[in-house]
Amino acid sequence: MAQLGNSDRHRSWAEPYKIKMVELVHMTTRAEREAAIRKAGFNTFLLKSKDVYIDLLTDSGTSAMSDRQWAGMMMGDEAYAGSENFYHLEKAVRKYYGYKYVIPTHQGRGAENILSKILIKPGDFIPGNMYFTTTRLHQELAGGTFADIVIDEAHDAENEHPFKGNVDLSKLEALISKVGAKRIPYVCIATAVNMAGGQPISMANMKALRAFTQKHGIPIIHDMTRVAENAYFIQQREKGYRSKSVAEIIKEICSLTDGATMSAKKDALVNIGGILAINNKKLYEKASNLVVVYEGLHTYGGLAGRDMEAMAIGITESVQDDHIRARVGQVEYLGNKMLEAGIPIVKPIGGHGVFLDAKRFLPHLQQSVFPAQTLAAEVYLDSGVRSMERGIVSAGRQKDTGKDNKPELELVRLTIPRRVYTQAHMDVVFESVASVYEDRKKVRGLKMTYEPKYLRFFQARFARI
Ligand SMILES: *Cc1c(COP(=O)(O)O)cnc(C)c1O
């Protein structure tokens, strides 16, 4: 697909595709939603999808596949070993990301599990530009401790730094002096940092980090789940990148790292799948041996042949400028409507969703009564729009003391699935959030009535105070 000429850039972000099949959704009444959210313990993860009108819970595995991807599904080579589709996937990863070896996994956390097991020893520290829920848990289960080295601006919802995913090298330096480079198996760098609100890391920062870590002999592992969105922001915001294609920028980002884990359920436009990619042959051999234990043979890693084919095609589609411009354009459309109405959101608007700042939205609620959890439930009640909490519930408890982590950011994420909803849906989402905002003073908080041990946000239950 040709890149749009610069003269066309001023036009609207309209989608570079048309709709050829639709899925009907259920419309519900307020009384039905009240019953549904109570039954779900005020946790949007526990709602039934049939009770949801516009589903912005996550952009994970919720993309609409293209006609080409569906055609690819029909070409599944369901051989146990050496499926043709695996070689297509390997080719796409090498071509667009540039990593040498690739192992498919059932999804991102499958890759995180294998990577953590081969690289982390008990007592190690893994610095990263903000934590991610599953990433940190696998690091901890392998005996490691996560260390946050993202810049301070990332923890401030109102700060408009264009690259809030950047690493603060002085934080990394301090960690190295404290524990020693030997206890840092790698630095984990996420592109378009999810927990900060889909905020990018700059190429300049990646390069500085690369130079710094090479001095200390520390590799960089790339959580490339949202690399295309990050590359788009570099193209738009960073000096010297305006005339580069998103595909070129992606390849350059990857070239500054030694390997990657990826949930292909996000940028790579598939409903299931992930990869572990690595340049070092010895590490690849270890990983491809371990994947047999947890996922499946190294040429399918828990996926059907057809899933790998859809992923190979999805990777190709995901790096096209027209695609990513419309994807981020839709998110910005929704975010700008919120900003114009004075609704508090994380700024700048991120790549995969609009993040409501529950601290400023519901300033009368203490963090102990779960403002973001409460707000997500209220938006659902108002309109059937499903969002999710990214605040104190998601942050979980401290590994050693068992106390609640108390994150600065208390957010509700309205995550936009790729190629699924229209501009009119975005208008409804905005109208609903605006009406909850109008009545915000009436909103009361929640108490937790059930807390599971791992990743509590998925399954915790709450009741109204
Ligand atoms: C979703 C996600 C993961 C985990 O991937 P799954 O496919 O859900 O297992 C890891 N890192 C980031 C940044 C993610 O957004």
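Owing to the predicted nature of the structure, the values given are computational and were not obtained by experimental measurement.

Parameters at a glance
Residues numbered from 1 in each chain as written. Predicted model: local features only at pLDDT ≥ 70, side-chain atom pairs only at ≥ 80, totals over all residues. Heavy atoms only, no water. Helix = DSSP H or I, 4+ residues; strand = E, 2+ residues; numbered from the N terminus. Buried < 20%, exposed > 50% of the residue type's maximum accessible area, 1.4 Å probe, protein only. Contact = heavy atoms within 4.5 Å. Areas by Shrake-Rupley, 256 points an atom, 1.4 Å probe, with all protein chains shown as cover. Lys, Arg positive; Asp, Glu negative; His and termini not counted. Charge placed at Lys NZ, Arg CZ, Asp CG, Glu CD. Near = heavy atom within 4 Å. Polar contact = N/O pair within 3.5 Å; in protein donor to acceptor, adjacent residues only side chain to side chain. Nonpolar A, V, L, I, M, F, W, Y, C, P; charged D, E, K, R; others polar. Axes fitted to C-alpha atoms, helices over the stretch in contact; angles between N-to-C directions. Left-handed = near helix turned anticlockwise from the far one by under 90°. Salt bridge = Lys/Arg side-chain N within 4 Å of Asp/Glu carboxyl O. Core = buried A, V, L, I, M, F, W, Y, C linked by side-chain atoms within 4.5 Å. Expected span 1.5 Å × (residues − 1). Arc of directions from axis to C-beta. Parallel < 35°, antiparallel > 145°, perpendicular 65-115°, else oblique. Domains from an automatic or database assignment.

As for the overall build of the protein
Helix and strand counts for the protein come out as 16 helices and 14 strands. When the backbone C-alpha atoms are referred to their principal axes, the protein occupies close to 60 × 55 × 45 Å. Here the protein holds 465 residues, and 60% of them are scored as buried. Considering only contacts within the protein whose residues lie at least 6 apart along the sequence, 73% involve residues at least 24 apart. Total accessible area on the protein stands at roughly 19400 Å², and carbon and sulfur atoms take up 53% of it. Computing the positive centroid from 63 side-chain charges and the negative centroid from 53, the protein places the two 3 Å apart.

A look at the site of the ligand
The immediate surroundings of the ligand are formed by 14 residues, with R109, D223, R226, S263 and K266 found nearest. Between G108 and the ligand, the recorded distance is 2.9 Å, taken from a backbone N or O atom to an oxygen atom. Here a nitrogen atom of the ligand and a side-chain polar atom of D223 are 2.7 Å apart. Contact with the protein chains removes 95% of the 380 Å² of surface that the ligand exposes when unbound. Residue assignment for the shell around the ligand shows that the elements contributing at least two residues are α4 (108-119) and α5 (133-141). A total of three residues in the shell around the ligand trace back to one element, the largest contributor, which is α4. Of the residues that constitute the shell around the ligand, the class distribution is one nonpolar, seven polar and six charged.

With respect to the packing of helix α14 (residues 371-383) against helix α16 (residues 423-438)
As a packed pair, α14 and α16 sit with axes 9 Å apart at the nearest point and diverge in direction by 115°. Here α14 runs over α16; the crossing is right-handed. From α14, L375, E378, V379, D382 and S383 reach across to α16, where they touch S432, V433, S435 and V436. Taken together, the residues of the contact of α14 with α16 sort by class into four nonpolar, three polar and two charged.

Some thoughts on the pattern of salt bridges
For the structure shown, the criterion picks out 31 salt bridges. Close ionic contact of R94 with E90 constitutes a salt bridge, the shortest N to O distance being 3.4 Å. Of the two residues, R94 and E90 both sit in helix α3 (residues 84-96), four residues apart, roughly one turn of that helix. According to the relative accessible area criterion, E90 is buried, its value standing at 15%. E158 serves as the salt-bridge partner of R360, at 3.2 Å between the closest nitrogen and oxygen. In this pair, R360 is assigned in helix α13 (residues 358-361) and E158 in the loop between β4 (145-148) and α6 (169-179), connecting sequence segments 202 residues apart.

What about the nonpolar core?
Counting residues in hydrophobic clusters, the biggest one holds 61 residues, and the most contacted among them are Y97, I250, I275 and I315. When near neighbours in sequence (up to four residues on either side) are disregarded, I250 contacts Y96, Y97, V227, A228, A231 and V319. Counting 35 residues, the second largest nonpolar core, distinct from the first, contains L375, A376, V379 and Y421.

Comments concerning unusual backbone geometry
For the bond from K347 to P348, the omega torsion is -10°, close enough to zero to count as cis. Inspection of the secondary structure puts P348 in the loop between α12 (321-340) and β9 (353-357). Of note, M130 is a non-glycine position whose phi angle comes to about 80°, a positive value. Residue M130 is classed as buried on the basis of its relative accessible area, which comes to 9%. For L455, which is not a glycine, the phi torsion comes out positive at approximately 40°. Inspection of the secondary structure assignment puts L455 in the loop between β13 (446-450) and β14 (461-464).

Remarks on α16
Its 16 residues place the ends of α16 23 Å apart at the C-alpha level, agreeing with the 22 Å of an ideal helix rising 1.5 Å per residue. Listed as buried for α16 are M426, V429, F430, S432, V433, A434, V436 and Y437.

A look at α6
Along α6, the positions that sit buried rather than exposed are L172, L175, I176 and V179. One side of α6 carries all its buried residues, which in axial view fall inside an arc of 100°. Within α6, the exposed residues directed more than 90 degrees away from the buried face are S177 and K178. Here the buried face of α6 lies against β3 (125-128), β4, β5 (187-190) and α7 (203-216).

Quick notes on the packing of α12 against α16
For the pair α12 and α16, the least separation of the axes is 10 Å and the interaxial angle reads 30°. With respect to α16, the element α12 is oriented roughly parallel. The crossing of α12 and α16 is right-handed. On α16, the residues that touch Q330, Y333, L334, K337 and M338 of α12 are Q423, M426, D427, V429, F430 and V433. Here the residues of the contact of α12 with α16 are counted per class, giving seven nonpolar, two polar and two charged.

Quick notes on the domain arrangement of the protein
The assigned domain composition of the protein is domain 1 (6-59 + 321-464) and domain 2 (67-318). Taking only C-alpha atoms, the centre of domain 1 and the centre of domain 2 are 25 Å apart. Listed as interface residues are 36 residues of domain 1 and, on the opposing side, 47 residues of domain 2. Ionic pairing is found between D267 and R418, a salt bridge with its closest N-O pair at 3.0 Å. The interface formed by domain 1 and domain 2 includes 20 residue pairs in polar contact (both at pLDDT 80 or more). Here the side of domain 1 that touches domain 2 gets seven residues from one element, more than from any other, and that element is α12. Tallied by class, the residues present in the side of domain 1 that touches domain 2 amount to 14 nonpolar, six polar and 16 charged.

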